[in-house]
Amino acid sequence: MRFVLIAILALSVVGCTRFSMNHHLNNAYSAYDRGNCEQVTLELSKVERASRARSYVWPEVSMLRGLCLERQKLFVDAAQTYQFIIASYPQSEYAYRARARLETLQSLGHYPLRSTAAVVRPTRF
């Protein structure tokens with residue numbers, strides 16, 4: 001009997017953590033829809049704390065963070081966030097979306113192409 005009680009208690013705690021994570025993620029999307037990126041950042045921070053064992057949500061959190069950075073006109077930071085998603089989660093749907101956002105930033109002139117940004121030549125004295 002004691003084992004069943006402990007098992008039920010353990011399952012309810014896990015469910016509460018997942019409910020909390022989903023609740024904060026939903027709040028982050030609602031705040032993004034309202035244009036409140038400060039609230040989005042706060043809610044995403046809460047999601048990250050609740051999702052340490054659930055790595056499947058990390059690329060989604062990073063994508064929403066990148067979108068908010070774009071909305072705040074922090075284009076270089078957004079691009080670096082998208083590059084992080086592509087490097088860390090290359091097979092996820094968010095990597096595909098991050099590539100598309102990088103292409104959009106480049107076409108709008110907010111983020112330079114790699115070939116022009118990466119060329120740095122040393123000067124001779």
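Going by the structure above, here's the rest.
Residues numbered from 1 in each chain as written. Predicted model: local features only at pLDDT ≥ 70, side-chain atom pairs only at ≥ 80, totals over all residues. Heavy atoms only, no water.

A.B. asks: Is there a simple way to explain the overall build of the protein in this structure?
C.D. replies: Within the protein, the secondary structure is distributed over six helices and zero strands. Reading the helices (α) and strands (β) of the protein from amino to carboxyl end gives α-α-α-α-α-α. Burial analysis of the protein (125 residues in total) assigns 32% to the buried set. Surface accessibility of the protein: about 8,700 Å² in total, with carbon and sulfur atoms responsible for 59%. (Helix = DSSP H or I, 4+ residues; strand = E, 2+ residues; numbered from the N terminus. Buried < 20%, exposed > 50% of the residue type's maximum accessible area, 1.4 Å probe, protein only. Areas by Shrake-Rupley, 256 points an atom, 1.4 Å probe, with all protein chains shown as cover.)

A.B. asks: Looking at this structure, I do not really get the packing of aromatic side chains. What am I missing?
C.D. replies: Aromatic rings considered in pairs are described by the distance between their centres and by the relative angle of their planes. Within the structure shown, the criterion is met by one aromatic pair. The ring of Tyr32 has Arg71 sitting right over it, with the charged end atom 3.9 Å from the ring centre. (Phe/Tyr/Trp six-rings, centres within 6.5 Å; stacked < 30°, edge-to-face > 60°. Lys NZ or Arg CZ within 6 Å of the ring centre and 35° of its normal.)

A.B. asks: How do you make sense of the environment of Val57 when you look at a structure like this?
C.D. replies: You can see Val57 is positioned in the loop between helix H2 (37-50) and helix H3 (58-71). By relative accessible area, which is 2% here, Val57 ends up buried. The sequence separation of Val57 and Val47 amounts to ten residues, and the corresponding C-alpha distance is 8.7 Å. With sequence-adjacent residues up to four places away left out, Val57 is seen in contact with Met21, Leu25 and Ser51. (Contact = heavy atoms within 4.5 Å.)

A.B. asks: Please clarify how the state of the cysteines should be interpreted in this entry.
C.D. replies: Covalent bonding between the sulfur atoms of two cysteines defines a disulfide. By the definition in use, this model includes one disulfide. Between the sulfur of Cys37 and that of Cys68 lies a disulfide, 2.4 Å long from S to S. The disulfide joining Cys37 to Cys68 has a torsion of about -100° about its S-S bond and is therefore left-handed. Of this pair, Cys37 sits in helix H2 while Cys68 sits in helix H3, and the two are 31 residues apart along the sequence. On the basis of relative accessibility, which here comes to 3%, the residue Cys68 falls in the buried class. (Disulfide = S-S within 2.5 Å.)

A.B. asks: Explanation requested: the packing of H2 against H3 in the structure shown.
C.D. replies: Two quantities define a packed helix pair, namely the angle between the axes and the distance from one axis to the other. Packing of H2 against H3 leaves a shortest axis separation of 10 Å and a crossing angle of 165°. One way to sum up the angle between H2 and H3 is to call them roughly antiparallel. Judged by the sense of rotation from one axis to the other, the crossing of H2 with H3 is left-handed. Contacts from Cys37, Val40, Leu44, Ser45, Val47 and Glu48 of H2 reach H3 at Val61, Leu64, Arg65, Cys68 and Arg71. Split into classes, the residues belonging to the contact of H2 with H3 amount to seven nonpolar, one polar and three charged. (Axes fitted to C-alpha atoms, helices over the stretch in contact; angles between N-to-C directions. Parallel < 35°, antiparallel > 145°, perpendicular 65-115°, else oblique. Left-handed = near helix turned anticlockwise from the far one by under 90°. Nonpolar A, V, L, I, M, F, W, Y, C, P; charged D, E, K, R; others polar.)

A.B. asks: Whenever I open this one, the nonpolar core confuses me. Can you help?
C.D. replies: A general feature of soluble globular proteins is that nonpolar side chains tend to end up buried together. Counting 29 residues, the largest nonpolar core has Val40, Leu44, Met63, Tyr82 and Ile85 as the members making the most contacts within it. Those elements that place two or more of their residues in this core are helix H1 (2-34), H2, H3, helix H4 (75-88) and helix H5 (93-107). Ignoring anything within four residues of it in the chain, the contact list for Val40 reads Ala28, Ala31, Tyr32, Leu64 and Cys68. (Core = buried A, V, L, I, M, F, W, Y, C linked by side-chain atoms within 4.5 Å.)

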